[in-house]
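Each chain, written out:
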There are 2 protein chains.
Amino acid sequence: MENLRFADPSHIRQMIREGKLQTHTSGMCDGYAQGNLVVLPKNLAYDFLLFTQRNPKPCPVLEITDLGCKEFKSIAPGSDITTDIPKYRVYKNGKLEEESTDIKSFWRDDFVSFILGCSFTFESALIEEGIEVRHITYGKNVPMYITTIPCKEAGIFSGPTVVSMRPMSPHQVIKAVQITSRYPSIHGAPIHIGDPSSIGINDIHKPDFGDSIDIKKGEIPVFWACGVTPQAVAMNVKPEIMITHAPGHMFITDIKNHELAVI
Amino acid sequence: MENLRFADPSHIRQMIREGKLQTHTSGMCDGYAQGNLVVLPKNLAYDFLLFTQRNPKPCPVLEITDLGCKEFKSIAPGSDITTDIPKYRVYKNGKLEEESTDIKSFWRDDFVSFILGCSFTFESALIEEGIEVRHITYGKNVPMYITTIPCKEAGIFSGPTVVSMRPMSPHQVIKAVQITSRYPSIHGAPIHIGDPSSIGINDIHKPDFGDSIDIKKGEIPVFWACGVTPQAVAMNVKPEIMITHAPGHMFITDIKNHELAVI
């Protein structure tokens with residue numbers, strides 16, 4: 001695994017393309033940003049793009065392809081969207097149709113593809129600054145919750161904001177706000193700190209997605225807007241077809257995490 | 001003028017709507033963000049939105065309306081795009097057709113309206129921190145230059161980045177980078193410092209737009225991506241119709257400048 005940790009993103013994408021690597025991508029290509037994939041037909045792309053523009057904290061866009069183009073030219077030159085992710089999910093009319101290691105047979109010339117920033121980036125920044133990220137320590141998935149904070153509507157897209165939660169000491173909360181504020185294109189600063197019920201979370205130990213994580217005495221739960229939001233919102237609309245990555249099986253970009261920091 | 005400086009944005013928009021105020025908006029509603037207007041037909045809006053997404057430094061979007069909607073619901077509730085700017089410019093097929101104090105007679109239900117962030121916001125932040133903004137001191141317009149830095153293309157839209165220039169002492173440059181980095185939605189950090197020729201500016205004393213400004217001994221020219229870029233790029237395409245604000249006659253939002261800071 002160590003060689004994957006320090007591998008070049010284009011090398012890993014090539015291995016995935018050739019079917020030599022089909023695992024989740026956590027821990028690969030240390031220091032490089034990974035992203036969430038959403039592929040939609042052109043007739044939905046404008047509303048979805050407008051939705052991401054109106055809701056930049058849950059929906060931070062790293063790149064959008066040209067119509068029908070299979071390459072993320074800016075963040076991953078030479079990439080092929082149809083093959084370079086280890087596992088895809090194909091949804092039809094809002095239902096999971098199948099999981100697949102490539103989407104060559106599903107590809108259409110009217111597709112537009114979005115890569116959205118992923119919290120892996122700010123988590124690695126937190127860890128570098130000495131802040132424990134609890135779910136990583138315990139090898140679990142981050143706990144995620146559907147809140148009562150509405151997203152701003154855009155055309156046919158609307159829905160609640162989904163958040164991820166990381167518990168921290170008060171001192172770490174201050175540092176974490178500073179660190180993640182530098183990454184507005186990766187969810188940015190937290191959107192809530194403290195009382196879960198004030199954003200509609202009734203039981204912090206029963207996340208809607210991911211795993212429950214202990215909050216130790218004296219710790220404060222910190223909530224960030226989560227990249228599950230745009231997928232959940234797109235799914236609400238039951239598009240005739242939508243393709244995403246499978247959870248944890250991300251698109252690895254050529255962009256260094258620190259390039260995404262604004263300060 | 002003092003009463004306009006401390007007036008509420010909605011009050012000023014109302015005065016403009018009633019034809020009681022037809023001047024440029026510089027200095028009005030101290031502390032509130034002002035913005036650039038671009039109105040385009042729906043068939044160009046997707047490509048233009050994609051262009052702003054790919055070029056966030058010259059094209060920082062504050063809000064995009066729903067199709068045919070005349071109100072910026074988020075940044076200026078109750079506003080009316082057709083009346084709330086003191087002076088508009090109507091372009092047809094890339095040529096200035098007329099200037100007008102309202103656009104009621106031009107309005108179409110297939111219009112989409114964009115408000116783009118304006119450097120007034122970061123200039124007021126610079127001044128608050130004690131940095132002289134030379135062109136303001138001398139009551140001139142900021143000098144702007146067409147560079148050799150290409151924007152990323154999006155559909156039919158492409159063109160060079162336009163920059164604005166402010167001369168500063170080395171110490172002020174450092175501070176100005178820190179301050180403007182906090183405002184990624186208002187052009188963000190500078191895109192170049194120093195030698196004008198390396199970004200294709202042959203004569204710093206002959207700006208392409210605005211006024212020439214003295215650079216004193218020991219000062220360094222600092223260049224920011226400029227909101228003229230998206231208008232120039234949109235114009236290149238010679239759209240059948242495009243409506244903008246007239247220079248200096250901006251849309252005044254209800255958003256406080258400091259709300260746009262990420263840190």
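Source: prediction; values computed, not measured. (Residues numbered from 1 in each chain as written. Chains lettered and ligands numbered in written order. Predicted model: local features only at pLDDT ≥ 70, side-chain atom pairs only at ≥ 80, totals over all residues. Heavy atoms only, no water.)

Caption draft 1: Examining the sheet that holds strand E7 (residues 160-168) of chain B more closely. Residues and elements named next belong to chain B. An order of E6-E7-E9-E8 is seen for the four strands of this open sheet, with the pairing classed as antiparallel. Only two strands of the sheet have a single neighbouring strand rather than two, namely strand E6 (144-150) and strand E8 (192-193). Of the strands in this sheet, E7, E8 and strand E9 (220-225) touch helix H6 (residues 170-181), which is tilted by about 15° from E9. (Pairing = 2+ DSSP bridges. Helix = DSSP H or I, 4+ residues; strand = E, 2+ residues; numbered from the N terminus. Contact = heavy atoms within 4.5 Å. Axes fitted to C-alpha atoms, helices over the stretch in contact; angles between N-to-C directions.)

Caption draft 2: Highlighting helix H2 (residues 9-17) of chain A. All names here are of chain A. Residues of H2 that are buried: Pro9, Ile12, Arg13, Met15 and Ile16. The arc enclosing the buried residues of H2, seen along the axis, measures out at 160°, which places them on a common side. Directly beyond the C-terminal end of H2, a positive phi value near 75° is found at Gly19. (Buried < 20%, exposed > 50% of the residue type's maximum accessible area, 1.4 Å probe, protein only. Arc of directions from axis to C-beta.)

Caption draft 3: Main features of the interface of chain A and chain B. Contacts between chain A and chain B engage 21 residues on the former and 21 residues on the latter. Between chain A and chain B, the buried area comes to about 1800 Å², and carbon and sulfur atoms account for 56% of it. Among the residues of chain A in contact with chain B, A:Tyr46, A:Gln53 and A:Ile263 are the three that bury the most area, contributing 33% of the side total. Put simply, chain A and chain B have two salt bridges between them. With seven residues, helix H3 (residues 42-54) of chain A is the largest single contributor of residues to the side of chain A that touches chain B. (Buried area = accessible area lost by both parts, 1.4 Å probe. Salt bridge = Lys/Arg side-chain N within 4 Å of Asp/Glu carboxyl O.)

Caption draft 4: Summary view of the relation of the copies chain A and chain B. Of the transformation superimposing chain A on chain B, the axial component is 0.0 Å and the angular component is 180°, with the fit at an RMSD of 0.0 Å. In symmetry terms, the pair is related by a two-fold rotation axis. Minimal C-alpha separation from the rotation axis in chain A is found for A:Tyr46, amounting to 2.9 Å. A symmetric contact is evident, with 100% of the interface residues of chain A recurring at the interface of chain B. (Least-squares fit on C-alpha atoms with pLDDT ≥ 70 in both.)

Caption draft 5: Just the pattern of salt bridges, in detail. With the rule as written, the count across this model stands at 28 salt bridges over all chains. Of the charged contacts, one joins A:Lys20 and A:Glu18 as a salt bridge, the two residues approaching to 2.8 Å between their closest N and O atoms. In this structure A:Lys20 comes out as exposed when scored by relative accessible area, which is 57%. For A:Asp66, the salt bridge is made with A:Lys73, and the minimal N-O distance between the two is 3.8 Å. Residue class for A:Lys73 comes out partly exposed when judged on its relative accessible area of 48%. It is possible to trace a salt-bridge network through shared partners that takes in A:Arg54, B:Asp66 and B:Lys73.

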